[in-house]
Amino acid sequence: MIPSATLRHLVRSVPKLYNVPNDLLKPQALTQVPTYELLGKLGFVTYPKPGLVHWLVPGTLIRRKLESLIREEMEKTGAEELSLSALSHATLWEKTGRWGGHELFKLKDSTGSEYCLAPTCEEEITQLVKQGVRSYKDMPLLYYQINTKFRDEKRPRSGLLRGREFLMKDAYSFDLTEKDAFSTYNKMTDAYTSIFQKLRVPFVKAEADSGDIGGSLSHEWHYIHPTGEDTLFTCTECGNTSNVEKTLSFPQEEEQHDDVKVKYYTTNDENTLVCAYYPGSRQIVPSFLLEEIPDIDLSGRLSEDQVLDLFKDEDTLINKKIVRIMDSRLNSRSNFPDFPINFINRSLITTLTDIPIVEAVEGELCHKCEEGSLEAKKAIEVGHTFFLGEKYSKALECTVEVPEDTGIKKQNVLMGCYGIGLSRIIAALAEINRDSQGLRWPTSLAPWEVTVINMSESDEFIPAFNGLDWRVDSRSKVGLGRKIKDSHMMGIPLVAVVGKKWPMLEIEERGARSASASTRQLHSKKDFQWEIIGDLDTDNTVKHIVHSGHAAAVMRAILSDM
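Rules of the game
- Residues numbered from 1 in each chain as written.
- Predicted model: local features only at pLDDT ≥ 70, side-chain atom pairs only at ≥ 80, totals over all residues.
- Heavy atoms only, no water.
- Helix = DSSP H or I, 4+ residues; strand = E, 2+ residues; numbered from the N terminus.
- Contact = heavy atoms within 4.5 Å.
- Areas by Shrake-Rupley, 256 points an atom, 1.4 Å probe, with all protein chains shown as cover.
- Lys, Arg positive; Asp, Glu negative; His and termini not counted.
- Charge placed at Lys NZ, Arg CZ, Asp CG, Glu CD.
- Core = buried A, V, L, I, M, F, W, Y, C linked by side-chain atoms within 4.5 Å.
- Buried < 20%, exposed > 50% of the residue type's maximum accessible area, 1.4 Å probe, protein only.
- Domains from an automatic or database assignment.
- Buried area = accessible area lost by both parts, 1.4 Å probe.
- Salt bridge = Lys/Arg side-chain N within 4 Å of Asp/Glu carboxyl O.
- Polar contact = N/O pair within 3.5 Å; in protein donor to acceptor, adjacent residues only side chain to side chain.
- Nonpolar A, V, L, I, M, F, W, Y, C, P; charged D, E, K, R; others polar.
- pLDDT = per-residue confidence, 0-100.
- Pairing = 2+ DSSP bridges.
- Axes fitted to C-alpha atoms, helices over the stretch in contact; angles between N-to-C directions.

**Student:** Can you walk me through the overall build of the chain in this structure?
**Tutor:** For the chain, the count of helices and strands is 14 helices and 28 strands. Overall, the chain is about 100 × 60 × 50 Å in size when its C-alpha atoms are taken along their principal axes. By sequence separation, contacts in the chain at least 24 residues apart represent 71% of the contacts at least 6 residues apart. Approximately 26900 Å² of the chain is accessible, and the part contributed by carbon and sulfur atoms is 47%. Side-chain charges in the chain split into 68 positive and 82 negative, and the spacing between the mean points of these groups amounts to 8 Å.

What follows is the structure, encoded as structure tokens:
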């Protein structure tokens, strides 16, 4: 028998600031508090200023578990962990054209040198690899880090979901060939799938626009929820899912639009005028124009007036081209605005019709299969993966020497980057899983797995929790019922009560199970005292009366189902 003095050293108590506010105990109070406020009231985080966050003890415990889960999957891919500086010099960002980003936190040191607080690290990791790699034999490379990133969010809101600092895992791959680069990309997306599966909440992988980060291929990872800021479309026929910035669609029936708008662009060589016509009631998506005009300039460096000025000289117009793109919702009867250019020859003009260039709406035809209709759902983005190609390696001259029949040549490496928002995942799971009793964490993330309430004077119960992550609620002035309610409100999966029936334990579940296979299997083979009160299929609150000698095995089985 373990001496009682030794047992007492093993006791781990709930955090010292574990004090659920009384106002949350009022009827309907929990349903009225926004999730980001609930996380603050329950002591997971606190917000010193809008967009900033202090992680308190329970929040830090969740962070550590999520970091551990992600590290495990990253290491399976062969990725190596490093940690890059949060400060990044302006010169690298100027070379890649991203120094003008409107969400960069910029600052100067005492010498006047300009830096930014890194929101992502493509520039720094590319420079690091450039300095250390010379030969193709060093390929492939795959690095990741987990740390705080920063953005100058103009309207920080919703706590962890839209802040000025955020916890992120970002990974970067470097490959020699396109085949190898896509193989790495697929390996990383498989790792993401495994991560989200372990979090026990349904997720969606959606085709996405690469945005400011760039590249030719990207996917977003989302949780479907009505509070989400993003819109995803899924085809009822082919099942393809994409975000609103990537979803092309056709109208179900012919439409008539009297209010037609036009946007003017030019190509990178400034020799082609692109006129994009679309219904005035819809929102144009400029990136859709890339499908037809790959070299169109969407940088915004020229205003529309400046674009038109390039084509107003009739003497030079004969050497230029004009392309008119008509959205698929327009027809010859649509009321088009006047053409702003005096042209000499209509042969200069090419007209493309039936091209989708506006945001899709629910019910329209899927562009991919042209059979199914689109269903729209709100979603919370929690991850993004990109195939970058040469975007950064070319700008920063990150090359390797490759042997050829004619000698040695320098070749740009091919890159990918892979981000996952830890703070966003925590906020999203809190939002999605909360119920009338409070928060409800999956076992893999819960601050601790079991809250122990010891109603006896003995510490003999401790061996019953061997191998579990548990905390004792030792608050002397708080009754049994309040302790159970507080544990449930915090989202702890199990409460175990050590009472007068010792060595029998009373174990109460918190929330729904995603499965009950392990619990059922162990219960069917039991050769010890174990009573189940409630229905494993329908009840959110199921109690177990089990002998302490087998309690750890029972609790591990229950937790594996939650």
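Next comes the rest of the write-up.
**Student:** Mind showing me how you'd approach the nonpolar core here?
**Tutor:** In summary, soluble globular proteins display a tendency toward joint burial of nonpolar side chains. Leu42, Met74, Phe196, Leu199 and Trp441 are the most contacted members of the largest nonpolar core, which totals 59 residues. Shared between two domains, this core holds at least three residues of each, these being domain 1 (22-231 + 380-429) and domain 3 (448-561). Residues contacting Phe196, with those up to four places away along its chain left out, are Val201, Phe203, Trp221, Tyr223, Val382, Ile420 and Ile425. The next biggest cluster of nonpolar side chains, apart from the first, holds 24 residues, and it includes Phe465, Ala496, Trp530 and Ala551.

**Student:** Mind showing me how you'd approach unusual backbone geometry here?
**Tutor:** It is generally the case that most residues other than glycine have a negative phi and that most peptide bonds are trans. Geometrically, the link from Met139 to Pro140 is a cis peptide bond, its omega value of -5° lying close to zero. Residue position: Pro140 is located in the loop between helix 6 (122-132) and strand 7 (141-150). For the bond running from Trp502 to Pro503, omega is 20°, close enough to zero to count as cis. The topology assignment puts Pro503 in the loop between strand 25 (494-498) and strand 26 (504-509). For Glu270, which is not a glycine, the phi torsion comes out positive at approximately 60°.

**Student:** Before we go on, may I ask you to explain the domain arrangement of the chain in this structure?
**Tutor:** Where interface size is quoted, it is often the accessible area lost as the parts come together. Domain boundaries in the chain define domain 1 (22-231 + 380-429), domain 2 (249-355) and domain 3 (448-561). Here the C-alpha centre of domain 3 lies 37 Å away from the C-alpha centre of domain 1. Contact with domain 1, which involves 10 residues of that partner, is made by 12 residues of domain 3. Surface buried jointly by domain 1 and domain 3 totals about 900 Å² across both partners, of which 60% is contributed by carbon and sulfur atoms. Its largest share of buried area at the contact with domain 3, domain 1 owes to Leu25, Leu42 and Arg200, together 50% of the area lost on that side. The salt bridge partner of Asp469 is Lys65, with a shortest N-O separation of 2.8 Å. In this assembly, domain 1 and domain 3 are joined by 3 residue pairs in polar contact (both at pLDDT 80 or more). For the side of domain 1 that touches domain 3, a count of residues per class yields 7 nonpolar, 1 polar and 2 charged.

**Student:** So what exactly am I meant to see when it comes to the confidence of the model for the chain here?
**Tutor:** Low pLDDT means the predicted coordinates in that region are not meant to be read closely. Scored by pLDDT, the chain has a mean of 91; 97% of the residues are at 70 or more. In this model, residues 1-6 is a region of pLDDT below 50 whose contacts with residues beyond four sequence positions or in other chains number 2 contacts.

**Student:** Teacher, can you tell me more about the sheet that holds strand 4 (residues 87-89) here?
**Tutor:** Strand pairs in the sheet, formed through backbone hydrogen bonds, run parallel or antiparallel to each other. Here 3 strands make up an open sheet; going across it, the order is 4-6-5 and the pairing antiparallel. Only two strands of the sheet have a single neighbouring strand rather than two, namely strand 4 and strand 5 (105-108). On average, adjacent strands in this sheet sit at an angle of 35° to one another, irrespective of strand direction. Here 3 bridges tie strand 4 to strand 6 (residues 114-117), and the two strands are oriented antiparallel to one another.

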